[in-house]
Amino acid sequence: MPKRKTTTLSLAIVCFTLLAALALIRDDLCKVEYRNGTMFLNVILAYEVRD
């Protein structure tokens, strides 16, 4: 297989994998929690939809 075709196929597989992962966790994208011993980090993305 030519190198260019292999690169394009690899890029398509990575993009498809990212889209599938985003579809599975789309409800959790607005909130991130990290706990490490005594440290607790909570990040929430707040947004408004413009009409």
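In what follows, the structure referred to is the one given above.
The structure displayed is predicted, hence computed values, not measured ones.

About the cut-offs
- Residues numbered from 1 in each chain as written.
- Predicted model: local features only at pLDDT ≥ 70, side-chain atom pairs only at ≥ 80, totals over all residues.
- Heavy atoms only, no water.
- Salt bridge = Lys/Arg side-chain N within 4 Å of Asp/Glu carboxyl O.
- Buried < 20%, exposed > 50% of the residue type's maximum accessible area, 1.4 Å probe, protein only.
- Pairing = 2+ DSSP bridges.
- Helix = DSSP H or I, 4+ residues; strand = E, 2+ residues; numbered from the N terminus.

J.: Looking at this structure, how should I read the pattern of salt bridges?
T.: Should the charged atoms of two oppositely charged side chains come close, the side chains can pair. Across all of its chains, the model carries one salt bridge by this definition. The closest approach of N and O atoms between E33 and R35, which form a salt bridge, is 3.9 Å. The exposed category is assigned to R35, whose relative accessible area is 63%.

J.: Teacher, can you tell me more about the pairing of strand β1 (residues 31-36) here?
T.: Side chains on a regular strand alternate between the two faces of the sheet. Sheet analysis places β1 next to strand β2 (residues 39-44), joined by six bridges and oriented antiparallel. Opposite V32, over in β2, you have V43 as the bridge partner. The antiparallel pairing of β1 with β2 creates a hairpin that spans two residues between the two strands, and G37 there sits at a positive phi of about 65°.

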